[in-house]
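Structural overview
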Amino acid sequence: MMSKRKQIWIISITSLLVIYLLFFPNLTAELAVRKHLFFTLHPIKAFSVQVKGNGSTSFWGAKLYYVNEISKSFIWVKKNWLGYRVITDGTGP
């Protein structure tokens, strides 16, 4: 049986990790797209589809990424000082 103090530390670290993964930007643009897919009800595709960079930039420096197998297949990703985040998605550029 774990001590009460150790259980509190494990719960605290796990909670902070979950909060970081949910709310903070990602280290790469592809991870940002995959996290967006996971939380927009495409959890299996988040791990299996190919994410392609289009090379287009717009929306004040955001880059366009393409995912073939979903309905909103064009995803705009922008980098800030914390990392990459998805700013919008849609059916066409």
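To be clear, the structure that these remarks concern was listed above.
Source: prediction; values computed, not measured.

Here we come to the layout of surface pockets. When its volume is computed, the largest pocket comes out at roughly 280 Å³. Together, 13 residues line the largest pocket, and Leu 21, Asn 26, Leu 31, Arg 34 and Lys 35 are the ones closest to its centre. Elements represented by at least two residues in the lining of the largest pocket include exactly helix H1 (4–23), helix H2 (29–39) and helix H3 (45–48). Here the residues of the lining of the largest pocket sort into 10 nonpolar, one polar and two charged. Of the pockets and cavities examined, the second largest pocket occupies roughly 160 Å³. For the lining of the second largest pocket, the secondary structure elements donating two or more residues are H1, H2 and strand E4 (84–90).

Per the counting criterion, the structure on display carries one salt bridge. Notably, a salt bridge pairs Glu 30 with Arg 34, separated by 2.9 Å at the nearest N-O pair. Taken together, the residues Glu 30 and Arg 34, both in helix H2 and four residues apart, mark about one turn of the helix.

Attention now moves to the packing of aromatic side chains. All chains considered together, the criterion is met by four aromatic pairs. Their ring planes at 20 degrees and their centres at 5.4 Å tell us that Tyr 20 and Phe 24 sit as a pair that is stacked. Judged by relative accessible area, which is 41%, Tyr 20 ranks as partly exposed. Residue classification places Phe 24 among the partly exposed residues on the basis of a relative accessible area of 37%.

Generally speaking, soluble globular proteins have nonpolar side chains that are buried together. In terms of nonpolar packing, the biggest core is built from 12 residues, these being Ala 29, Ala 32, Val 33, Leu 37, Ala 46, Val 49, Val 51, Tyr 65, Val 67, Ile 70, Ile 75 and Val 77. Contributing elements (two or more residues each) for this core: H2, strand E2 (62–67) and strand E3 (74–79). In terms of residue count, H2 provides more of this core than any other element does, four residues in total. Apart from the residues lying within four places of it in its own chain, the contact partners of Ala 29 are Tyr 65, Val 77 and Tyr 84.

About the cut-offs
- Residues numbered from 1 in each chain as written.
- Predicted model: local features only at pLDDT ≥ 70, side-chain atom pairs only at ≥ 80, totals over all residues.
- Heavy atoms only, no water.
- 1 Å grid on protein atoms, 1.4 Å probe; cavity = no way out; pocket = protein on both sides within 12 Å on 5 of 7 lines; lining within 4 Å.
- Points joined across faces, edges and corners; volume = space filled by probe spheres on them.
- Helix = DSSP H or I, 4+ residues; strand = E, 2+ residues; numbered from the N terminus.
- Nonpolar A, V, L, I, M, F, W, Y, C, P; charged D, E, K, R; others polar.
- Salt bridge = Lys/Arg side-chain N within 4 Å of Asp/Glu carboxyl O.
- Phe/Tyr/Trp six-rings, centres within 6.5 Å; stacked < 30°, edge-to-face > 60°.
- Buried < 20%, exposed > 50% of the residue type's maximum accessible area, 1.4 Å probe, protein only.
- Core = buried A, V, L, I, M, F, W, Y, C linked by side-chain atoms within 4.5 Å.
- Contact = heavy atoms within 4.5 Å.

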